[in-house]
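Residues per chain, in single letters:
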Amino acid sequence: MTIKVPFVDLNLQHQPMQSQLLVAIEDVLTKGDFILGQAVSNFEAAFAAASGTEYGIGVASGTDAIALGLQACNIGAGDEVILPANTFVATLIGVVSAGATPILVDCDPQTALIDLEAAAKAITPQTKAIIPVHLYGQMVSPSQLLDFANTYKVLIFEDAAQAHLAEREGYIAGSVGIAAAFSFYPSKNLGAFGDGGMLLTRDSEVAAKMRRLRNYGSSQKYVHIEPGTNSRLDTLQAAVLHQKLPYLSQWNSERLAIAQRYDIELAPLASAGMIPMQNQSGTGHIYHLYVIKIDDSCPIKRQQIQEKLTAAGIQTGIHYPIPCHLQPAFSYLGYQQGDFPQSEQLSQQILSLPMYPGLNNSQITEVITAITSIVKSAKT
Ligand SMILES: *Cc1c(COP(=O)(O)O)cnc(C)c1O
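Keep in mind the model is a prediction, meaning the values are calculated, not measured.

Colleague: Would you explain empty space enclosed by the protein in this entry?
Modeller: Any space left empty among the atoms is revealed by the rolling of a water-sized probe across them. Scanning the entire structure with this criterion turns up 1 cavity of 30 Å³ or more. A volume near 70 Å³ is recorded for the largest cavity. Along its surface, the largest cavity is lined by Thr111, Leu135, Tyr136, Gln138, Met277, Gln278, His285, Tyr287, Leu289, Tyr290 and Val291. When the residues that make up the lining of the largest cavity are grouped by side-chain class, the tally is 7 nonpolar, 4 polar and no charged.

As structure tokens, then:
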């Protein structure tokens, strides 16, 4: 079976800039500064500036950016941290790794983003922070978040792993809270040639502590202020990411244009129970993923739609099939089926369509035509 439309294709972004990437890599080889080299600080400064904030601290992964980032914000044992049940499990892993107590809440079924009314009900005297996850590339409303933080006197720690340069209400992802975690996993909107992550902050003390935590808790060689760890962004990865950064806005715009075609041309299927996730942030949505919901009124089940698309050479995904509170690893938290009905329902209904810069018009047409005919033929 030939794949006509893959779910992602990273070659399309790397091929046109390959010689440039190789020069940057060669430069690191020549310099030999593999650990915390020049390219790391250059990229940290460039990404922080692009995101409208002050300091960037590169780490080994997005998960570490959350785990160490929370610690850098002095969030840990005895502190409750509110986060959505509907996120990639790494958000939860980060909270637990930091030693804090995770408090999960449900999401808004229209956007799949954290439900701030549910979050308000979860506030206790121990609540120290909320982690809005800018899921699928759409920011949680900054104005509502800032109101929330102000009302309940809690910190905002953004999980922006899917939201590089996303915007909403004049804010850029990573500039809203005390700090924000990013991932450079290869398929993220800005991806490395391996793992990588970064914490952004405009707080100099958080930045200084984060620099120590990623480097054995040390700010001066062989003097260790706290028991940190070894989690640094490789110089090689930083060099690659710095070359790619200038293209990011263009790539994000391409994703938005693809989403706009999907939105318009899939709209007729809404009456058949197939509904795209709502974009509440206009052109600031960077569409890390394009997700549709297939509700119970649809004449054909999600699994069958996915199988038929696969048979037609179109790859799709499900982000994510099991909400955090139902993951076996976290059963000890005591949550149960039924605790977060919107997250549970979404996990059964969502389907992610092919979305990447370079996805061409005939491929988009292919996807839209295939879905439309699958739904139409199920109706009759
Ligand atoms: C990818 C991702 C992470 C984790 O990043 P890694 O670099 O894979 O460790 C965390 N949160 C969300 C929402 C993500 O999508």
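Colleague: Can you help me understand the site of the ligand in this one?
Modeller: In the vicinity of the ligand there are 15 residues, among which Gly62, Thr63, Gln162, Ser183 and Lys188 approach most closely. Asp159 is positioned such that a nitrogen or oxygen atom in its side chain is 2.8 Å from a nitrogen atom of the ligand. Between an oxygen atom of the ligand and a side-chain N or O atom of Ser183, the distance comes to 2.6 Å. Coverage of the ligand by the protein chains reaches 93% of its 380 Å² of free accessible surface.

Colleague: What am I meant to see in the nonpolar core here?
Modeller: Soluble globular proteins tend to pack their nonpolar side chains together in the buried interior. Core analysis: the largest hydrophobic core is formed by 86 residues, its most contacted members being Phe43, Phe47, Ile130, Phe157 and Phe184. Here this core gathers at least three residues from each of two domains, domain 1 (11-247) and domain 2 (248-379). Judged by nonpolar contacts, the second largest core, of 30 residues, contains Tyr287, Ile300, Ile305 and Leu353.

Colleague: Please explain the pattern of salt bridges as it appears in this structure.
Modeller: Two side chains bearing opposite charge may form a pair once their charged atoms approach each other closely. Inspection of the entire model under this criterion finds 8 salt bridges. For the salt bridge of Lys128 with Asp79, the shortest nitrogen-to-oxygen distance reads 3.8 Å. Linking Lys128 in strand E4 (residues 127-130) with Asp79 in the loop between helix H4 (62-72) and strand E2 (80-84), this pair joins segments that are 49 residues apart in sequence. Connected through shared salt-bridge partners, Glu44, Arg211 and Arg214 make up one network.

Rules used throughout
- Residues numbered from 1 in each chain as written.
- Predicted model: local features only at pLDDT ≥ 70, side-chain atom pairs only at ≥ 80, totals over all residues.
- Heavy atoms only, no water.
- 1 Å grid on protein atoms, 1.4 Å probe; cavity = no way out; pocket = protein on both sides within 12 Å on 5 of 7 lines; lining within 4 Å.
- Points joined across faces, edges and corners; volume = space filled by probe spheres on them.
- Nonpolar A, V, L, I, M, F, W, Y, C, P; charged D, E, K, R; others polar.
- Near = heavy atom within 4 Å.
- Polar contact = N/O pair within 3.5 Å; in protein donor to acceptor, adjacent residues only side chain to side chain.
- Areas by Shrake-Rupley, 256 points an atom, 1.4 Å probe, with all protein chains shown as cover.
- Core = buried A, V, L, I, M, F, W, Y, C linked by side-chain atoms within 4.5 Å.
- Buried < 20%, exposed > 50% of the residue type's maximum accessible area, 1.4 Å probe, protein only.
- Domains from an automatic or database assignment.
- Salt bridge = Lys/Arg side-chain N within 4 Å of Asp/Glu carboxyl O.
- Helix = DSSP H or I, 4+ residues; strand = E, 2+ residues; numbered from the N terminus.

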